[in-house]
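Structural characterization, general
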Amino acid sequence: MPITAPIAPQAAPLLPRRNRKAQRAEARAGLFFALPWIIGMTIFVALPLIVTFYIAQTKFQIVGAPKWVGLQNYEALLRDPAFWKSAQNTLIFAAISVPLKLIIALGLALLLNRATALLGFYRTVFYLPFLMPAVAGSVVFMLLLTPNAGPVNIALEAMGLNPPDWLLDPKAALWTLILLSLWPLGVETLVFLGGLQNIPKDVSEAADLDSPKRWHKLVWITLPLITPMVLFNLVIGIIYSFQVFTQAIVIGGTTGTPAESTLMYMVVLYRAAFRYFNMGLAAAMATVLFVVVLILTLLIFKTARSWVHYEGGET
Amino acid sequence: MSKQRKATPRARLAMLTYHALMLAISAIFLLPFYWMTISAFKTNAEIFSDPVTWLPDPIRWENVTSLLTRDDFPFVQQFLNSVFYAGTVALLVCLSCSLAAYSFGCLRWRGRNLVFGLTICALLMPTIVTFLPVYLAWSKIGLTGSYWPLITPFLFGDAFFIFMLRQFFMGVPRELLDAARLDGASEFRIWWQIVMPQLRTPLIIVGLFATVYTWNEFFMPLIYLQDREAFPLSVGLFTFQSQRAVEWSVSMMGAFLTALPMIVLFLFTQRLFQRGLSSTGLK
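Turning to the overall build of chain B, a few remarks are in order. For chain B, the count of helices and strands is 16 helices and zero strands. Relative to the 2.2 N^0.38 estimate, which gives 19 Å for 283 residues, the radius of gyration of chain B is 24 Å and therefore markedly larger than a compact globule would have. Seen through its C-alpha atoms, chain B measures out along the principal axes to roughly 75 × 70 × 30 Å. Sorting the 283 residues of chain B into buried and exposed places 41% on the buried side. In chain B, 75% of the contacts between residues at least 6 apart in sequence involve partners at least 24 apart.

Of regular secondary structure, chain A possesses 14 helices and two strands. Its C-alpha radius of gyration of 25 Å places chain A more than 25% over the 20 Å reference for a compact globule of 315 residues. C-alpha extents for chain A along the principal axes are approximately 65 × 65 × 30 Å. Counting all 315 residues of chain A, 41% fall into the buried class. For chain A, the proportion of contacts with a sequence separation of at least 24, taken over those separated by at least 6, is 69%.

Before going further, it helps to examine the interface of chain A and chain B. Contact residues are listed per partner, giving 89 residues for chain A and 80 residues for chain B. Taken together, the residues of the side of chain A that touches chain B sort by class into 71 nonpolar, 16 polar and two charged.

A word on the environment of A:Thr297. The topology assignment puts A:Thr297 in helix 14 (residues 279–307). Separated by 58 residues in sequence, A:Thr297 and A:Ile239 place their C-alpha atoms 8.4 Å apart. Excluding residues that lie within four positions of it along the chain, A:Thr297 makes contacts with A:Val235 and B:Leu124.

Residues and elements named next belong to chain A. Taken domain by domain, chain A holds domain 1 (20–73) and domain 2 (74–307). Once you take the C-alpha centre of each, domain 1 and domain 2 turn out to be 31 Å apart. Taken together, the contact pairs 13 residues of domain 1 with 13 residues of domain 2. In terms of residue count, the dominant contributor to the side of domain 1 that touches domain 2 is strand 1 (residues 58–61) (four residues). By residue class, the composition of the side of domain 1 that touches domain 2 is seven nonpolar, five polar and one charged.

A word on unusual backbone geometry. With the exception of glycine, the majority of residues adopt a negative phi angle, and the majority of peptide bonds are in the trans configuration. Residue and element names in this part refer to chain A. With an omega of -5 degrees, the peptide bond running from Thr 257 to Pro 258 counts as cis. Position of Pro 258 relative to the elements: it lies in the loop between helix 12 (246–252) and helix 13 (265–274). At Ala 259, a residue that is not glycine, the phi angle is positive and equals roughly 50 degrees. Following the sequence through the fold, Ala 259 ends up in the loop between helix 12 and helix 13. Residue Phe 277 is not a glycine yet carries a positive backbone phi of 50 degrees. Along the chain, Phe 277 turns up in the loop between helix 13 and helix 14. Since 13 C-beta atoms lie within 10 Å of it, Phe 277 is described here as partly exposed.

This part covers the confidence of the model for chain A. Residues and elements named next belong to chain A. This prediction gives chain A a mean pLDDT of 86; 91% of its residues lie at or above 70. No element of chain A has a lower mean pLDDT than helix 9 (residues 201–210), which averages 72, and none a higher one than helix 3 (residues 81–112), which averages 95. Contacts of residues 1–9 to residues separated by more than four positions or lying in other chains number 17 contacts, the stretch itself having pLDDT below 50.

Judged by nonpolar contacts, the single largest core of 164 residues is most densely connected at A:Leu269, A:Ala282, A:Met285, A:Ala286 and B:Val206. For this core, the element with the most residues is helix 5 (residues 75–106) of chain B, which contributes 14 residues.

What follows is about the domain arrangement of chain B. All names here are of chain B. As far as domains go, chain B holds domain 1 (2–66) and domain 2 (71–278). Counting residues at the interface gives ten residues for domain 1 and seven residues for domain 2. Listing elements by their share of the side of domain 1 that touches domain 2, those giving two or more residues are helix 2 (9–40), helix 3 (44–47) and helix 4 (62–68). When residues in the side of domain 1 that touches domain 2 are grouped by element, the largest group, four residues, is from helix 2. Taken together, the residues that form the side of domain 1 that touches domain 2 break down as four nonpolar, five polar and one charged.

Turning to helix 14 of chain A, a few remarks are in order. Taking 1.5 Å as the rise per residue, helix 14 of chain A with 29 residues should run 42 Å; its terminal C-alpha atoms sit 41 Å apart, in good agreement. Among the residues making up helix 14 of chain A, those that are buried are A:Met279, A:Gly280, A:Leu281, A:Ala282, A:Ala283, A:Ala284, A:Met285, A:Ala286, A:Thr287, A:Leu289, A:Phe290 and A:Val293.

On to the environment of B:Leu67. Among the secondary structure elements, B:Leu67 is positioned in helix 4. Of the residues examined, B:Leu67 has 21 C-beta atoms within 10 Å and is grouped as buried.

Turning to the confidence of the model for chain B, a few remarks are in order. Detail in the predicted coordinates should be disregarded across regions flagged by low pLDDT. Of the residues in chain B, 95% reach a pLDDT of 70 or more, and the chain-wide mean stands at 89. Of the two predicted TM-score estimates for the complex, the pTM is 0.88 and the ipTM is 0.87.

Looking now at the packing of helix 4 (residues 119–131) of chain A against helix 2 of chain B. Look at helix 4 of chain A against helix 2 of chain B: their axes get within 9 Å of each other, and the N-to-C directions meet at 35 degrees. The element helix 4 of chain A and its partner helix 2 of chain B pack so that their crossing is left-handed. Contacts from A:Tyr122, A:Val125, A:Phe126, A:Leu128 and A:Pro129 in helix 4 of chain A reach B:Met22, B:Ser26, B:Phe29, B:Leu30 and B:Phe33 in helix 2 of chain B. Here the residues of the contact of helix 4 of chain A with helix 2 of chain B are counted per class, giving nine nonpolar, one polar and no charged.

Attention now moves to the pairing of strand 1 of chain A. Residues and elements named next belong to chain A. Strand direction decides the pairing type here: strand 1 and strand 2 (residues 63–68), joined by three bridges, are antiparallel. Within strand 2, the residue paired with Lys 59 across the bridge is Lys 67. Here strand 1 hands over to strand 2 after one residue, with Ile 62 in that stretch at a positive phi of 70 degrees.

Once that is clear, we can look at the environment of B:Gln78. Residues and elements named next belong to chain B. Here Gln 78 lies in helix 5. C-beta crowding within 10 Å serves as the criterion here: with 24 such atoms nearby, Gln 78 is assigned to the buried category. Along the chain, Gln 78 and Trp 138 lie 60 residues apart, while their C-alpha atoms are 22 Å from each other. The residues touching Gln 78, leaving out its near neighbours within four places in the chain, are Phe 231, Pro 232, Leu 233 and Gly 236.

Conventions and cut-offs
Numbers given to residues run from 1 along each chain, matching the order in which its sequence is written. In the order they appear in the text, chains get letters beginning with A and ligands get numbers beginning with 1. Predicted model: local features are reported for residues with pLDDT of at least 70 only, side-chain atom pairs are reported and counted for 80 or more only, and whole-chain, interface and lining totals are derived from all residues. Going along the chain from the N terminus, every DSSP run of H or I of four or more residues is numbered as a helix, and every run of E of two or more is numbered as a strand. We compute the radius of gyration over the C-alpha atoms and compare it with the globule rule, which gives 2.2 Å times the number of residues raised to the power 0.38. Counts of 20 or more other C-beta atoms within 10 Å of a residue's own C-beta define buried residues, counts of 12 or fewer define exposed ones, and intermediate counts define partly exposed ones; C-beta atoms are placed from the backbone. By definition, residues are in contact whenever their C-beta atoms, placed on the basis of the backbone, come within 7 Å of each other. Nonpolar residues are Ala, Val, Leu, Ile, Met, Phe, Trp, Tyr, Cys and Pro. Charged residues are Asp, Glu, Lys and Arg, and all others, Gly as well, are polar. For every domain, the bounds stem from an assignment made automatically or drawn from a database. Note on scores: pLDDT gives the predictor's confidence for each residue, bounded by 0 and 100. Throughout this description, the term nonpolar core refers to a group of buried Ala, Val, Leu, Ile, Met, Phe, Trp, Tyr and Cys residues whose C-beta atoms join them within 7 Å. Expected helix span is given by 1.5 Å per residue-to-residue step, counting one fewer step than there are residues. The angle between two axes is taken between their N-to-C directions and runs from 0 to 180 degrees, where each axis is a line fitted to C-alpha atoms and a helix contributes only its stretch in contact. It is the rotation of the near helix from the far one that decides the hand of a crossing: anticlockwise by less than a right angle makes it left-handed, clockwise makes it right-handed. Any two strands between which DSSP finds at least two bridges are classified as paired.

This is how it looks when you write it as structure tokens:
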């Protein structure tokens, strides 16, 4: 698996035997150069993580000292309809957006892989939405999808269809948010494309001889060879989609309009912390999300052994 | 390639179908950009005209000046804030992350794999579980409302950019470093005078990614900054849009001018972006 692969063995030293002293000097330098980052990781990742677990078990309103309340915040969460509603919305969002995005990105990458002319142009087009600030992108989608007056609905009506009210309809708004999340898929596409372009020519040609059907080649040769990229995109996609925030707050505000249909987990957490100053509750929400993401990630890595193919090796 | 010379009519038809499909998909992807751009140069009434107008006529250049002179959307100030924010972060990332990347990619030391493994964990750590205590600490020191909380973390490094840079540092030949060591150069000098100049292109790539990432960053400035005058563009546009939802032509001009710098930057440096993507270790 690429991202946790052990550091590749470096070329053997040119000199026959480096003496102890030089080795020790190098080890000292290694630690010295990594030190700022080790400190940074401790201050900004490790300690906050532990403190979050602690705050989750306190009553804490920013002013004053945190007061230990045990599991009360978690109990309050279980009784909070906004927690359940946002958890449900976020799960639906992630469960549909992530696989759909992967499939579309893979499809685009397969198409791009066939291009000889205009490859650079298409690649740029698919990458551009990723550069769009999420706030700007969301605002533009709101305009594009305005019922009756937006160009998308006018076009769909002209085709004789009956388009939804998108962001105004509580039944359609979450799906519109999913649609918006599919627009910036340039990174996923280019990661897949990189994988496809790395498939050795002879493997690809041998497969053409073996089986004349494109479909077989895709399922038995191409897909297994890019499973490491699928794993990467899947894990990153899940972690990000559980924290979806910008699009949700631009479109639905802090209340998830219409009718809480776009209320996302991160928005409720933000609201708890910065509108109601209930740090304990926000930290409890963060802890719940952490556990869920951790379990999911571990499950994916665990099953990855059986479906991710590594070149030149078992496991 | 040689295919084109002996293209049969059938192959040519397949080619045409292929490009027709790709251009259709491209049109869908470009539509939001196009709509944003033309709406930025229309009046509100023209944006919602029926039938739809695909070109602004006349082009309302005055939308630019009317955006730049509004009190409730100090665009110029926020633009400068964004430049400062993105520029500083990009610079810090290049320096701090290359220190760690040199250690992970070029030096051998006990515990290196462990620390690098932890870096991967930090990379996968959702921000949502770490930002609260950090926010509380900054608010205790009284530095919320400034750019310190947004910039300081990058003084120490960033997991993603360290990960990205390490790939490049691993490509520096060991012989080069050993030769310099034999000459008595200190590790710091080897890093600064030998390795860094060699990796100029990768550093620019990482700087570009950091610039785009910071320019578009929304959550952190949203929670730390309170004054309209201090906002970067992402938060400024959000605040304007949520208060003046009906003034679409101003919102679109704001969105257009917010997105434009990054798109221009990308178009000029595309090759580097491509290399950056293919270097994320997923070859």
